[in-house]
Amino acid sequence: MFAYVVKRLLAGVLVLFLVSMSIFLLFWYGPNEPARVMCDTKTSNRCNAERLDRFTEELGYNNAWYAEYGEYVKGVFVGRDITVAAQTTRCDAPCFGLSYKNGKPVWEDMKERLPATFSVAIGGATLYLLLGVPLGVAAARRRGTVQDKALVSSFLFLSSVPYYLFALLTWLFFSLKWEVPVIGDTGYVPLTESPTAWFGGLALAWICLGIFGCTQYTRYARGAMVEALSEDYIRTAKAKGLPTRTVVYRHGLRAALVPIVTIFGIDFGTLLAGTIFTEEIFDIEGIGLWALRAVGQRDLPIVSATALFSAVVLIMANLIVDLVYSILDPRVRLS
Amino acid sequence: MSSTEPFLVVEDLTVRFPTEDGLVTAVQDLSYSVEKGKTLGIVGESGSGKSVSSMAVLGLHDARTARITGSIRVDGQEVVGLNEAGLRKLRGRQIAMIFQDALAALHPFYKIGGQLAEAYQVHHPKATKREARRKAVEMLDRVGIPQPDRRVDDFPHQFSGGMRQRAMIAMGLINDPSLLIADEPTTALDVTVQAQILDLLQDLQREFNSAVIIITHDLGVIAEMADDVLVMYAGRGVEYGPGKEILTRPQMPYTWGLLSSVPDVRGDTDSKLIPIPGNPPSLLNPPTGCAFHPRCVHSDKVEGDLCVTTMPAFEQGNTGAGHLKRCHLRDPEVIFEREVLPVIAPELLEEK
């Protein structure tokens, strides 16, 4: 088990190395002049060819890419000093470079945005699991009945509405039209500052993610449960004289959890990497929105940092799923 | 009533399932009975209704979809129409069932011991966990699992096929049920292991004096185990009687077909295997008249088109009492001796 985890972690590090290198190469061989953004910002949009050359030199774009990549990796682990436009900035580890737009170390901004994204992701995912799995189980138990069909078709309808439209309508009604107290508020407030404001600001985002995500999880859970309930061991459990609740939950749901956990791991990882629509509509300064803006502004250090972050999160999610899997299913041997 | 009646009495049992294509009649007008200490063998091809009828005894069919009529009495208590709570008291306590594929029938995520203990505790709510576990070890020991106190903590996938079936049997017998239904208990096993399991079942039956129903398509198992035999075809009983009668003086061409399909290791190399032509009929649109007539090679010996138009009654033939058959043939024993026996077991004729 331990050896397995180490092996997986090493493989994860290798993937991160490759991902970070490919992103880094984009700086060098990307379609535009990487130094232009910083040059524009630092010279109040009076960036001429001469100044651009200077910034290009200062940002290291005249050196070999692998030498600069080495610097970059070093910065991630031990930090480094970066000198641009006669100004030296200390960039502490983990250093992902300085933002071309505001000149601050990328990690400083990122650090502030992570709690917002994590709050959105954890709340949303909890809600959609808590709604979706029980609904799916209930539908599976009533398979083929009017209730089941009504639930499945209404959720199919709901999930075919574009998410941004759904979130936008939620915001329009709850925040603008009805002005629901607390829940209608938007914008992220740190939990440590004011728990109620934190809750209020995130509630709509959670509701949207929760309801929208639960349509999928109802479907997954229903499918997994229908399959589990048709297994021979369910018949055995019934034949033993066990109460229906025990049969459905201890024997059925236990088996159905395996595929649900697998999908959930990946989904949750994706949520942690940023929820662009949710953050935009509910005015939450998180990773997703930040990454989107950075792409628009060609702020390459931020783009690469967020891309790396998604990679880390997804690799971790995969690893955790595999570990949970081996705990859930004793037939999976990790040795 | 229960003092005079056999432990299990099934009368005119009919099980229907509505499907999208129409009503499927899986079991029709089935009657049989089993006494304590006796074994009934139910034989037939896949889809003949063997399993469906015995699952009805435990009330395992979904009450919302299955339409069950007739009567099933367990120790005098009516099972058809019994509520869920009443059924739960019977299941596992009075009647236990063991299934064909023990790997699929045991929960893959729980330890063998836990699954056995669960079966015990549900009917002994006052038993502590430790007592239930001790009982589980005791039962595993009883069915011949080596080092039961260690193997009790294994998962099903760590057991061999034969051991899994032993564990299933241990789980079935843990509450000392009066009726054990074994649904193809040896089909998924190696022949040598099959013999061990059958031996074990016989031993346990003697020890617990329970009634046993053994469902199989293997006439060898029947010859080994059964006191009485019920042959099923297309949801109906087609021949029913003492095992020896059925195996030596079968009255119904379908039973002949089954016998002709069994290879015999000691048999003459001149003897032939004769498969039954065709496939079992659709239960959605069963054939008119006798359900077996499209596959029956002897229907030409019945005058007129009786086989095609009329379902034969399930009645006593020319052999002894208690031997029922569903066939229009007038002198089946003559045909059996003249046409069937010489082909499938010529050596038996020489002995005569």
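Residues numbered from 1 in each chain as written. Chains lettered and ligands numbered in written order. Predicted model: local features only at pLDDT ≥ 70, side-chain atom pairs only at ≥ 80, totals over all residues.

Caption draft 1: Here's a closer look at the overall build of chain B. Within chain B, the regular secondary structure consists of 14 helices and 12 strands. The C-alpha radius of gyration of chain B comes to 21 Å, within 12% of the 20 Å expected for a compact globule of 352 residues. Along the first, second and third principal axes, the C-alpha atoms of chain B reach 70 × 45 × 40 Å. Here chain B holds 352 residues, and 45% of them are scored as buried. A sequence separation of at least 24 residues applies to 65% of the contacts in chain B between residues at least 6 apart. (Helix = DSSP H or I, 4+ residues; strand = E, 2+ residues; numbered from the N terminus. Rg over C-alpha atoms; globule rule 2.2 N^0.38 Å. Buried ≥ 20, exposed ≤ 12 C-beta atoms within 10 Å, placed from the backbone. Contact = placed C-beta atoms within 7 Å.)

Caption draft 2: Representation of the environment of Ile266(A) in the model. All names here are of chain A. The topology assignment puts Ile 266 in helix α10 (residues 244-272). For Ile 266, a count of 13 C-beta atoms within 10 Å corresponds to the partly exposed category. For the pair Ile 266 and Ala 317, spaced 51 residues apart in sequence, the C-alpha to C-alpha distance is 6.2 Å.

Caption draft 3: Representation of the domain arrangement of chain B. By the assigned domains, chain B splits into domain 1 (109-173) and domain 2 (243-351). Computed from C-alpha coordinates alone, the two centres of domain 1 of chain B and domain 2 of chain B are separated by 43 Å. (Domains from an automatic or database assignment.)

Caption draft 4: Representation of the interface of chain A and chain B in the model. The interface is formed by 18 residues belonging to chain A together with 22 residues belonging to chain B. Going through the elements one at a time, α9 (232-239) and α10 of chain A are the ones with two or more residues in the side of chain A that touches chain B. With six residues, the single largest contributor to the side of chain A that touches chain B is α9(A). Tallied by class, the residues present in the side of chain A that touches chain B amount to seven nonpolar, three polar and eight charged. (Nonpolar A, V, L, I, M, F, W, Y, C, P; charged D, E, K, R; others polar.)

Caption draft 5: Spotlight on the pairing of strand β3 (residues 39-43) of chain B. All names here are of chain B. Burial analysis of β3 places five of its five residues in the buried class, which makes it a mostly covered element. Burial along β3 is two-sided: Thr 39, Gly 41 and Val 43 facing one way and Leu 40 and Ile 42 facing the other are all buried. Bridging between β3 and strand β8 (residues 211-216) involves five bridges; their strand directions are parallel. In the sheet register, Gly 41 faces β8, and the bridge partner there is Ile 214. Sheet topology note: the β3/strand β9 (residues 228-233) ladder contains four bridges and is parallel. When the sheet's bridge partners are listed, Ile 42 is paired in β9 with Leu 230. (Pairing = 2+ DSSP bridges.)

Caption draft 6: Region of interest: the packing of helix α1 (residues 2-29) of chain A against helix α4 (residues 65-78) of chain A. Residue and element names in this part refer to chain A. Closest axis-to-axis distance for the α1/α4 pair is 11 Å, and the angle between their directions is 130°. By the angle class used here, α1 and α4 are oblique. Of the two elements, α1 crosses α4, and the hand of that crossing is right-handed. Where α1 approaches α4, its residues Met 21, Phe 24, Leu 25 and Trp 28 are matched on the opposing element by Trp 65, Tyr 69 and Tyr 72. The class makeup of the residues in the contact of α1 with α4 is seven nonpolar, no polar and no charged. (Axes fitted to C-alpha atoms, helices over the stretch in contact; angles between N-to-C directions. Parallel < 35°, antiparallel > 145°, perpendicular 65-115°, else oblique. Left-handed = near helix turned anticlockwise from the far one by under 90°.)

Caption draft 7: Just unusual backbone geometry, in detail. The omega angle of the peptide bond from Ala93(A) to Pro94(A) is -5°, so this bond is cis rather than trans. Although it is not a glycine, Val182(A) sits at a positive phi angle of roughly 60°. For Val182(A), the position within the fold is in the loop between α7 (163-177) and α8 (195-229). Of note, the phi angle at Glu184(B) is positive, near 45°, even though the residue is not glycine.

Caption draft 8: Seen up close, the sheet that holds β8(B). With respect to topology, eight strands assemble into an open sheet ordered β6-β7-β8-β3-β9-β10-β12-β11 (chain B), the strand pairing being mixed. Looking at the sheet topology across the chains shown, the edges are occupied by β6 (95-98) and β11 (315-316) of chain B.

Caption draft 9: Representation of α4(A) in the model. For α4(A), spanning 14 residues, the distance from its first C-alpha to its last is 20 Å, which sits close to the expected 20 Å at 1.5 Å a residue. Gly79(A) sits one or two positions beyond α4(A) and adopts a positive phi of about 80°. (Expected span 1.5 Å × (residues − 1).)

Caption draft 10: Spatial organisation of the nonpolar core. With 175 residues, the main nonpolar core has Leu116(B), Ala167(B), Ala170(B) and Val231(B) as its most contacted residues. In terms of residues, this core owes the most to one element, α8(A), which gives 14 residues. Summarising the domain contributions, this core has at least three residues from each of domain 1 (109-173) and domain 2 (243-351) of chain B. Contacts of Leu116(B), omitting those with residues within four sequence positions, involve Ala136(B), Met139(B), Ala170(B), Met171(B) and Ile174(B). (Core = buried A, V, L, I, M, F, W, Y, C linked by C-beta atoms within 7 Å.)

Caption draft 11: The sheet that holds strand β4 (residues 67-74) of chain B, seen in detail. Residue and element names in this part refer to chain B. Reading across the sheet, the four strands line up as β2-β1-β4-β5 and stay open at both edges, with antiparallel pairing between neighbours. Looking at the sheet topology across the chains shown, the edges are occupied by β2 (22-34) and β5 (77-78). The strands that helix α1 (residues 50-57) touches are β1 (8-19), β2 and β4; relative to β1, the one it contacts most, it runs at about 115°.

Caption draft 12: Structural detail: the packing of helix α11 (residues 253-260) of chain B against helix α13 (residues 332-344) of chain B. Residues and elements named next belong to chain B. Running from N to C, α11 and α13 cross one another at 15°; their axes reach a closest spacing of 10 Å. The orientation of α11 relative to α13 falls into the category roughly parallel. In this structure, the crossing between α11 and α13 has a hand that is right-handed. From α11, Trp 256, Leu 259 and Ser 260 reach across to α13, where they touch Phe 336, Val 340 and Ile 344. Across the contact of α11 with α13, the residue classes tally to five nonpolar, one polar and no charged.

Caption draft 13: Seen up close, the confidence of the model for chain B. All names here are of chain B. Of the residues in chain B, 96% reach a pLDDT of 70 or more, and the chain-wide mean stands at 90. Mean pLDDT across the secondary structure elements of chain B bottoms out at helix α14 (residues 346-351), with 64, and peaks at helix α4 (residues 112-123), with 96. Here the predicted complex carries an ipTM of 0.88, next to a pTM of 0.84. (pLDDT = per-residue confidence, 0-100.)

Caption draft 14: Local environment of the environment of Glu112(A). Along the chain, the position of Glu112(A) falls in helix α5 (residues 106-141). C-alpha separation for the pair Glu112(A) and Tyr325(A), spaced 213 residues apart in sequence, amounts to 33 Å.

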